[in-house]
Amino acid sequence: MTIETLEILGPNQNGNSTIEKPIKARNWLMIIISCALAFCGVIGGPLLMRLYYLHGGNRKWLSSFVQTAGFPVLIFPLIFLYSKSKASEKINGQSSSFFMEPKLFLWSAMIGILLGFNNFMYALGLSYLPVSTSTILFATQLGFTAFFAWLIVKQKFTSFIINAVVVMTLGSVLLGINTDGDRPIGVSKSQYLLGFLLTLAAAVLTGVTMPLIELSFSKATRNITYSTLLQFQITNGLIASCVSVIGMLINKDFQAIPREADEFELGNNKYYMIIILTAITWQLSAIGFVGLILYTSALFNGIYTSTLVPVTEVAAVIFFHESFTGLKGMALALCLWGFSSYFYGEYKMMNRVGDNVTHEKLDQVENGPQRLHDQEAPFNTA
């Protein structure tokens with residue numbers, strides 16, 4: 001992970017003249033790319049999964065599997081980066097460590113197990129909920145991410161973050177008040193409630209997983225390159241997919257898939273096309289999420305993911321003609337209020353930090369020589 005160090009000259013309480021403040025560097029190009037990848041998955045993933053359920057799909061472990069099964073597509077850019085690394089070694093005559101550290105592999109494997117169960121809970125919850133309701137409810141992961149980021153990686157809290165967490169929690173409570181308001185046809189009240197609870201549980205587990213990824217990156221002793229990021233995600237996806245495969249074997253999904261494909265309302269070919277597109281779409285979002293955590297933070301990743309809720313809401317209404325109830329609108333308004341509060345708080349904090357750095361630099365230029373002279377001169381008691 002790249003770290004910039006800002007040196008500010010000036011005496012501190014111990015009389016030292018230099019203070020070092022580590023600041024995570026911002027690779028804006030990679031942040032923009034990660035945002036674009038996450039956008040594709042956050043919008044497209046739930047819509048494709050809901051399309052599968054609406055037209056006859058009913059395999060929950062299969063839906064869990066496709067959320068991580070697209071990891072092989074990451075092998076192609078990894079091979080390209082490996083070839084580029086070897087070519088650079090020949091030119092410079094120096095060997096470099098391309099493969100990730102063993103400790104990162106262990107972290108990725110552990111997180112992959114959590115992700116496997118998280119995917120199943122989300123997939124099962126989405127099978128009983130409309131996309132719009134599931135999306136707004138899952139947006140509460142921001143509050144859980146903020147809490148566990150404070151607990152695990154010591155994320156600083158501000159009044160704006162607290163306000164965002166509170167109003168978004170109220171939004172999820174509003175969705176649970178009327179369990180019959182937008183219940184899909186054929187879904188019982190108990191199934192709707194189960195979907196509500198499972199989606200909320202998936203949001204909690206996501207809130208734990210994101211800070212754990214940030215913590216694992218902070219434990220690395222070598223710089224984390226994009227090739228390391230790809231290896232981390234491939235391991236993550238492989239382990240999570242293995243968890244889903246175990247569930248599919250127990251549930252005998254592999255024997256049922258050909259029969260389900262033949263009975264699929266849109267046809268056999270479109271059945272497999274939807275499965276493949278869903279896997280690729282979710283994998284794009286996964287590498288985007290991990291990239292955002294690496295280049296920013298777990299909390300920012302949660303904020304960005306939740307910011308896309310309105311877009312997913314509109315897409316669900318357009319493509320699936322889902323109802324947009326009054327309570328759902330109030331919940332969405334509270335989410336937007338929370339997002340605005342967070343971004344305004346970050347804006348004020350960035351301005352405050354920028355002003356402080358500017359004042360410290362001006363103070364260094366104007367008073368630095370005199371301070372150094374005062375420190376070097378003996379104290380005259382006469």
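Check the entry above for the structure.
Remember, predicted model here, so these are calculated numbers, not experimental data.

Student: Let's hear about the packing of helix 1 (residues 28–54) against helix 13 (residues 309–320): which residues, and what values?
Tutor: The geometry of helix 1 relative to helix 13 is characterised by a closest axis approach of 10 Å and an angle of 35° between their N-to-C directions. As for the relative orientation of helix 1 and helix 13, their crossing is right-handed in sense. Two secondary-structure elements touch here, helix 1 through F39, V42, I43, L47, R50, L51 and L54 and helix 13 through V311, T312, A315, A316, F319 and F320. Counted by class, the contact of helix 1 with helix 13 contains 11 nonpolar, 1 polar and 1 charged residues.

Student: Break down empty space enclosed by the protein for me, with residues and values.
Tutor: A water-sized probe, rolled over the atoms, reveals where empty space remains. Summed over all chains, the structure comprises 2 cavities of 30 Å³ or more. As a volume, the largest cavity reaches approximately 540 Å³. Around the largest cavity sit 30 residues that line it, and F138, T206, W282, S285 and F289 are the ones nearest its centre. Mapped by element, the contributors of at least two residues to the lining of the largest cavity are helix 1, helix 4 (102–128), helix 5 (131–138), helix 8 (189–218), helix 9 (226–251), helix 11 (268–295), helix 12 (298–307) and helix 13. For the lining of the largest cavity, a count of residues per class yields 15 nonpolar, 15 polar and no charged. When its volume is computed, the second largest cavity comes out at roughly 50 Å³. Considering the residues around the second largest cavity, the lining is formed by L48, M49, Y52, L62, S63, V66, I274, I275 and T278. Elements represented by at least two residues in the lining of the second largest cavity include exactly helix 1, helix 2 (60–66) and helix 11. Its residues assigned to classes, the lining of the second largest cavity shows 7 nonpolar, 2 polar and no charged.

Cut-offs and rules
Residues numbered from 1 in each chain as written. Predicted model: local features only at pLDDT ≥ 70, side-chain atom pairs only at ≥ 80, totals over all residues. Heavy atoms only, no water. Axes fitted to C-alpha atoms, helices over the stretch in contact; angles between N-to-C directions. Helix = DSSP H or I, 4+ residues; strand = E, 2+ residues; numbered from the N terminus. Left-handed = near helix turned anticlockwise from the far one by under 90°. Contact = heavy atoms within 4.5 Å. Nonpolar A, V, L, I, M, F, W, Y, C, P; charged D, E, K, R; others polar. 1 Å grid on protein atoms, 1.4 Å probe; cavity = no way out; pocket = protein on both sides within 12 Å on 5 of 7 lines; lining within 4 Å. Points joined across faces, edges and corners; volume = space filled by probe spheres on them.

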